[in-house]
Amino acid sequence: MAQKSTKRSLKIIAGADSFGCNLKDVLVSQLRALNIQVEDLGTDKYYSVGEEIGRRVSQAADDPAVETRGLVACGTGVGVAIFANKFPGVYAATCLNTDEARNARSINNCNVLAVSGMNTTPEVASDVLKTFLETPFKSPCPASGSNPWPDEIDQFLENSIHEMNKIGTPKPEESSGDCHLCSLVKSREFKAVEIMPGGSISIVRESPTSAFVRFTAGSVEPAHHHTFGHDLVVLKGSKRVWNLSKGEKYDLSIGDYLFTPAGDVHRVKYFEDTEFFIKWEGQWDLFLDEDHAAANAAIDKEKEN
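What comes next concerns the included structure. Predicted model, so just to flag it, every value in this text is computed and none were measured.

Rules of the game
Residues numbered from 1 in each chain as written. Predicted model: local features only at pLDDT ≥ 70, side-chain atom pairs only at ≥ 80, totals over all residues. Heavy atoms only, no water. Phe/Tyr/Trp six-rings, centres within 6.5 Å; stacked < 30°, edge-to-face > 60°. Lys NZ or Arg CZ within 6 Å of the ring centre and 35° of its normal. Pairing = 2+ DSSP bridges. Helix = DSSP H or I, 4+ residues; strand = E, 2+ residues; numbered from the N terminus. Disulfide = S-S within 2.5 Å. Buried < 20%, exposed > 50% of the residue type's maximum accessible area, 1.4 Å probe, protein only. Contact = heavy atoms within 4.5 Å. Axes fitted to C-alpha atoms, helices over the stretch in contact; angles between N-to-C directions. Polar contact = N/O pair within 3.5 Å; in protein donor to acceptor, adjacent residues only side chain to side chain.

1. Remarks on the packing of aromatic side chains
Then, in step 1: Under the definition given, this model contains seven aromatic pairs.
Then, in step 2: Three or more aromatic residues joined by ring pairs form one cluster here, namely Y46, Y47 and F83.
Then, in step 3: Sitting over the face of the ring of F132, R69 holds its NZ or CZ atom 5.0 Å from the ring centroid.
Then, in step 4: Sitting above the plane of the F276 ring, K239 keeps its charged end 3.8 Å from the centroid.

So, in structure tokens, the structure goes:
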């Protein structure tokens, strides 16, 4: 019994802008004279032509029966190639001579030929198209000195197809773009910190204790202290901490860390909606050293100075 042929039939999708349309028409006629199936999209803006042909070639890549390639033309052949190449599985190359076409097919498995309507004569373009059609992937080409590729290069080219096909395809969605701490905080219930308007807390573990804390933009923590020292890492937003005991202040944003020793009096201002992770030894306590009016007055006074 005769085996079925595994060779796919060839289809070319063609298009050009106003600077490349005449050359495209010549090449389309050449393709039809060779009995190659052609879909001519006509003339449009160079980026629209490149986009449409790139999309169609990309979508047809897995067709087991038909190999779909593209032919695009503009003034230089560069613009149409740029936009065709925005689609996964599309390898468009601007070729001004047959050596470039042979290299592009042999090395890059080029499946969209881009030509220059302003810089390439119909005679040269015809030879370029013929080379594009007849050159198999990994064949000897000028880049190999027109000799067969060494085994290690041949293997590299073979493996490159699988890797190149991944470029431009969506990556698997992760559960979130957040770090592990940010992911943990999303499902937790926060309780308001009554003496700190705008603040809420979710205790993760007690003794040693850790928690997630949120404050809305514009909130102020009046000067206060704890009987424990505490570490914190900012997960979202930005804040300023004044350590009044040491006469220091710290501007913190995403990823910043701060340790405040036990008993140190500190005041905090939140510039954005902010979340942070905090950890300390012992039970939760908080002792106010000023009220909100005094805290806001101190912050306003610093702004004036």
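Here the narrative resumes, following the displayed structure.
2. Quick word on the sheet that holds strand 10 (residues 230–236)
Then, in step 1: Strand order in this open sheet of six strands is 6-7-8-15-10-13, and the pairing throughout is antiparallel. The sheet terminates laterally at strand 6 (191–192) and strand 13 (257–260), the two strands that pair on one side only.
Then, in step 2: Inspection of the sheet shows strand 10 paired to strand 15 (residues 274–280) by six bridges, in the antiparallel sense. Bridge assignment links D231 to a residue of strand 15, and that residue is K279.

3. Examining the state of the cysteines
Then, in step 1: Tallied over the entire structure, the rule returns zero disulfides.
Then, in step 2: The thiol of C74 is not disulfide-bonded; the next cysteine sulfur, from C21, is found 12 Å away.
Then, in step 3: C110 provides the cysteine sulfur closest to C95, a residue in no disulfide bond, and the two sulfurs are 5.5 Å apart.
Then, in step 4: Its relative accessible area of 1% is what places C95 among the buried residues.

4. Digging into the pairing of strand 9 (residues 220–225)
Then, in step 1: Along strand 9, five of the six residues are buried, which leaves the element largely enclosed by surrounding structure.
Then, in step 2: Examined bridge by bridge, strand 9 and strand 14 (residues 266–270) share three bridges and lie antiparallel to one another. The residue of strand 14 that forms the bridge with V220 is K269.

5. Describing the sheet that holds strand 9
Then, in step 1: With respect to topology, five strands assemble into an open sheet ordered 12-11-14-9-16, the strand pairing being antiparallel. In the strand order of this sheet, the two ends are held by strand 12 (248–253) and strand 16 (287–288), each with one partner.
Then, in step 2: Strands in contact with helix 8 (residues 292–304) are strand 9, strand 11 (238–243), strand 12 and strand 14; relative to strand 9, the strand with the most contacts, it is inclined by about 110°.

6. Here's the deal with the side chain of H266
Then, in step 1: With respect to the secondary-structure elements, H266 resides in strand 14.
Then, in step 2: Within the structure, H266 has its side chain in polar contact with the backbone oxygen of D264 (distance 3.0 Å).

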